[in-house]
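Listed below, chain by chain, are the residues.
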Amino acid sequence: MIRRPVRRRRSSRPRKQKGSDLHFLLMIGLVGAVTSSLIASMASWVAEHPWVFTLPVIAATGMGAVSVYLQRKEARRDAIQAQELRYSAEHLDDLHYTQFEYVVRDLMYRDGCRDAQQVGRGGDQGADVKATDPHGRRWVIQCKHRKDGVLGSAVGSPDLFALNGTGRQVHGGDVVVMLTNGRFSKPALEFADSQGLHLVDCHLLARWASGSRPLWELLGSVPPARKSTLLSWRLPTRSNRSVGGARVTHTGAQ
């Protein structure tokens, strides 16, 4: 007896796959049609409302204005806080010499020197504080702190040699100052007078730190302003040969 081969049924999977592919293509077409319609609608709306392109510019301008306002508000707050900055002579004597330099920096900032910075460290070449005053003059200050204040050892002329050699040539100072919470020796006073250096001793320092007048108004003389400002009329007009605090507050150097 001869057996007939059994016929295999065709799988229906290819038909299902074809159906799935057709549905997928229809979905893509539908999404594409909807997307194209939305893009066309948006393009038409933008064409009818071209002012929409100014919104980013307005937003950026508004953010810039707010930023400027906040910066000015912060600057006014800093200025008010700086105006209230005061130090007594006793407090200055109790400071570490590095803290003393930072106090001098803060006092210069209080007086309007917005770039005042403490730079004293090893190899500072005679400068502990640098600042530019509102008149455009560059200040170079070397600080000599004495733990015992006026009773401590006097600052002598050797301490001035390095400052005199670098204050103008290296640091570009218009006003070169030696500042101490103590006193200066007679040779130091004479050397400063001959070189046009400004000396600030404990008495002048106390007036400056505990008051509200800027240092350039307390010194005997300073170079003329580099730029004209609303404060320029307040500058002293004495001879440049006077040595600021050394002559004004000299109390008998040794």
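Look a little higher up for the structure.
A quick note: this is a predicted structure, and the numbers were derived from the prediction, not measured. (Residues numbered from 1 in each chain as written. Predicted model: local features only at pLDDT ≥ 70, side-chain atom pairs only at ≥ 80, totals over all residues. Heavy atoms only, no water.)

Student: What exactly am I supposed to notice about the overall build of the protein chain here?
Tutor: Scanning the protein chain from N- to C-terminus turns up 9 helices and 5 strands. Starting at the N terminus and ending at the C terminus, the protein chain contains elements arranged as α-α-α-α-β-β-β-α-β-α-β-α-α-α. Sorting the 254 residues of the protein chain into buried and exposed places 36% on the buried side. In the protein chain, once contacts between residues fewer than 6 apart in sequence are set aside, the share between residues at least 24 apart is 60%. When the accessible area of the protein chain is evaluated, it comes to approximately 16300 Å², of which 57% is carbon and sulfur surface. (Helix = DSSP H or I, 4+ residues; strand = E, 2+ residues; numbered from the N terminus. Buried < 20%, exposed > 50% of the residue type's maximum accessible area, 1.4 Å probe, protein only. Contact = heavy atoms within 4.5 Å. Areas by Shrake-Rupley, 256 points an atom, 1.4 Å probe, with all protein chains shown as cover.)

Student: It is not clear to me how the sheet that holds strand β3 (residues 138–144) should be interpreted in this structure. Could you clarify?
Tutor: Two strands in a sheet stick together by hydrogen bonds in their backbones, pointing the same way (parallel) or opposite ways (antiparallel). Across the sheet, 5 strands lie side by side as β1-β2-β3-β4-β5; this open sheet has mixed pairing. Strands at the two margins of the open sheet, each flanked by one partner only, are β1 (117–118) and β5 (198–200). The sheet contacts of helix α5 (residues 157–166) involve β3, β4 (175–180) and β5, and relative to β4 the element is tilted by about 150°. The strands touched by helix α7 (residues 202–210) are β4 and β5; relative to β4, the strand with the most contacts, the crossing angle is about 100°. (Pairing = 2+ DSSP bridges. Axes fitted to C-alpha atoms, helices over the stretch in contact; angles between N-to-C directions.)

Student: What am I meant to see in the pattern of salt bridges here?
Tutor: Once the charged atoms of two side chains with opposite charge are near each other, the side chains can pair. Enumeration over the complete set of coordinates arrives at 7 salt bridges. A salt bridge links D115 to R138; the nearest nitrogen and oxygen atoms lie 3.2 Å apart. Residue D115 is located in the loop between α4 (97–110) and β1, and its partner R138 is located in strand β3; the two are separated by 23 residues in the primary sequence. In this structure, D159 engages K144 in a salt bridge whose closest nitrogen and oxygen atoms are separated by 4.0 Å. Taken together, the residues span a long stretch of sequence, with D159 in helix α5 and K144 in strand β3 at a distance of 15 residues. (Salt bridge = Lys/Arg side-chain N within 4 Å of Asp/Glu carboxyl O.)

Student: Could you clarify how one ought to interpret the side chain of H145 in this entry?
Tutor: With respect to the helices, strands and loops of the structure, H145 is situated in the loop between β3 and α5. In this structure the side chain of H145 is engaged in a polar contact, spanning 2.8 Å, whose partner is the backbone oxygen of L92. Looking at H145, its side chain comes within polar contact range of the main-chain oxygen of L95, at 3.3 Å. If we skip the residues at most four places from it in the chain, H145 touches L92, D93, L95, Y97, F100 and N181. (Polar contact = N/O pair within 3.5 Å; in protein donor to acceptor, adjacent residues only side chain to side chain.)

Student: What's the story with a nonpolar patch on the surface in this structure? I'm lost.
Tutor: A surface patch of nonpolar side chains, about 390 Å² in accessible area, is lined by M27, L30, V34 and L38. Secondary-structure assignment places L38 in helix α1 (residues 13–48). (Patch = residues over 30% accessible without salt bridge, like charges linked within 9 Å, V, L, I, M, F, W, Y side chains within 5 Å.)

Student: I would appreciate a short explanation of the packing of aromatic side chains in the present structure.
Tutor: For the coordinates displayed, the defined rule picks out 2 aromatic pairs. Relative to W216, the ring of W139 has its centre 5.9 Å away and its plane inclined at 55°; by these criteria the two rings are tilted. Here W139 is found in strand β3, whereas its partner W216 is found in helix α8 (residues 215–218), with 77 residues between them in sequence. Taking the centre distance of 5.0 Å and the plane angle of 75° together, the rings of F161 and F191 count as edge-to-face. With F161 in helix α5 and F191 in helix α6 (residues 186–195), the pair connects residues that are 30 residues apart, well separated along the chain. Among the residues examined, F161 registers a relative accessible area of 45% and is labelled partly exposed. F191 gets classed as buried once you look at its relative accessible area, which sits at 18%. One residue, R114, lies across the ring of Y109, its end atom 4.5 Å from the ring centre. (Phe/Tyr/Trp six-rings, centres within 6.5 Å; stacked < 30°, edge-to-face > 60°. Lys NZ or Arg CZ within 6 Å of the ring centre and 35° of its normal.)

Student: Explanation requested: α7 in the structure shown.
Tutor: Because each turn of an α-helix spans 3.6 residues, side chains separated by three or four positions in sequence point in the same direction. Three or more residues of α7 are buried, namely C202, L204, L205, W208 and A209. Across the axial projection of α7, the buried residues extend over an arc of 160°, all falling on one side. (Arc of directions from axis to C-beta.)

Student: Just checking my understanding: could you explain the pairing of β3 for this structure?
Tutor: The side chains of a regular strand alternate, residue by residue, between the two faces of the sheet. Across the 7 residues that make up β3, a large majority, 6, are buried. Here strand β2 (residues 129–132) hands over to β3 after 5 residues, with G136 in that stretch at a positive phi of 90°. You can see the chain leave β3, run along α5 and come back into β4, and the turn it takes is right-handed. (Right-handed = clockwise from strand over helix to strand, strands pointing away.)

Student: Any chance you could explain the nonpolar core here in plain terms?
Tutor: Inside soluble globular proteins, nonpolar side chains tend to come together where they are buried. L92, M108, W139, I141, L179, V200 and W208 are the most contacted members of the largest nonpolar core, which has 28 residues in total. Counting only elements with at least two residues in this core, the list comes to α4, β2, β3, β4, α7 and α8. With sequence-adjacent residues up to four places away left out, M108 is seen in contact with C113, A116, A131, W139, I141, W208 and W216. Among the nonpolar cores identified, the runner-up in size contains 15 residues, and V119, A127, L189 and L197 belong to it. (Core = buried A, V, L, I, M, F, W, Y, C linked by side-chain atoms within 4.5 Å.)

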